[in-house]
Amino acid sequence: MTLPQQFITIGMVVLGTLITRFLPFAVFPAGRPTPGYIRYLGKVLPAAVFGLLVVYCLRNVDLLSGSHGLPEAIAIAVVAGLHLWKRQMLLSIAGGTVCYMLLVQLVF
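Nothing here was measured: the structure is a model prediction, and the numbers come from that model.

1. Considering the overall build of the chain
Scanning the chain from N- to C-terminus turns up 4 helices and 0 strands. Along the chain direction, N to C, the helices and strands of the chain fall in the order α-α-α-α. A globule of 108 residues ought to have a C-alpha radius of gyration of about 13 Å, yet the chain, at 21 Å, is considerably larger. Its C-alpha atoms give the chain principal-axis dimensions of about 50 × 45 × 20 Å.

Here you go:
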């Protein structure tokens, strides 16, 4: 990549970041109520993203070979337990990820 191409690439990344940061404040100012469809998306998207994450993480699990999906099953149990205990999605995801990585690297 030439030097001008590098500058253009960096400029586009900066521009894209700025647009995604400031556009919501311009489109939905503080003085007006938030539209209903945006509130609806705010309710349903977290669960949808979490479901998508589960499907993505389990798509290549083979129950008939290797560890038979035990690290994944244990990590899912940890995620469910943490979420039932603390009700914090970020903690649940991070705890399950750490548990899974420790199991894969040290146990299985």
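2. Considering the state of the cysteines
Counted by the stated rule, this structure contains 0 disulfides. With no disulfide partner, Cys-57 has as its closest neighbouring cysteine sulfur the one in Cys-99, 13 Å distant. Classification of Cys-57 by relative accessible area gives partly exposed; the value is 48%.

3. Topic: the packing of helix H3 (residues 70–86) against helix H4 (residues 89–107)
With their axes 8 Å apart at the nearest point, H3 and H4 run at an angle of 155° to one another. Put simply, H3 runs roughly antiparallel to H4. Here the hand of the crossing between H3 and H4 comes out right-handed. On H4, the residues that touch Pro-71, Glu-72, Ile-74, Ala-75, Val-78, Val-79, Leu-82, His-83 and Lys-86 of H3 are Met-89, Leu-91, Ser-92, Gly-95, Gly-96, Cys-99, Tyr-100, Leu-103 and Val-104. Considered class by class, the residues forming the contact of H3 with H4 number 12 nonpolar, 4 polar and 2 charged.

Rules used in this analysis
Residues numbered from 1 in each chain as written. Predicted model: local features only at pLDDT ≥ 70, side-chain atom pairs only at ≥ 80, totals over all residues. Heavy atoms only, no water. Helix = DSSP H or I, 4+ residues; strand = E, 2+ residues; numbered from the N terminus. Rg over C-alpha atoms; globule rule 2.2 N^0.38 Å. Disulfide = S-S within 2.5 Å. Buried < 20%, exposed > 50% of the residue type's maximum accessible area, 1.4 Å probe, protein only. Axes fitted to C-alpha atoms, helices over the stretch in contact; angles between N-to-C directions. Parallel < 35°, antiparallel > 145°, perpendicular 65-115°, else oblique. Left-handed = near helix turned anticlockwise from the far one by under 90°. Contact = heavy atoms within 4.5 Å. Nonpolar A, V, L, I, M, F, W, Y, C, P; charged D, E, K, R; others polar.

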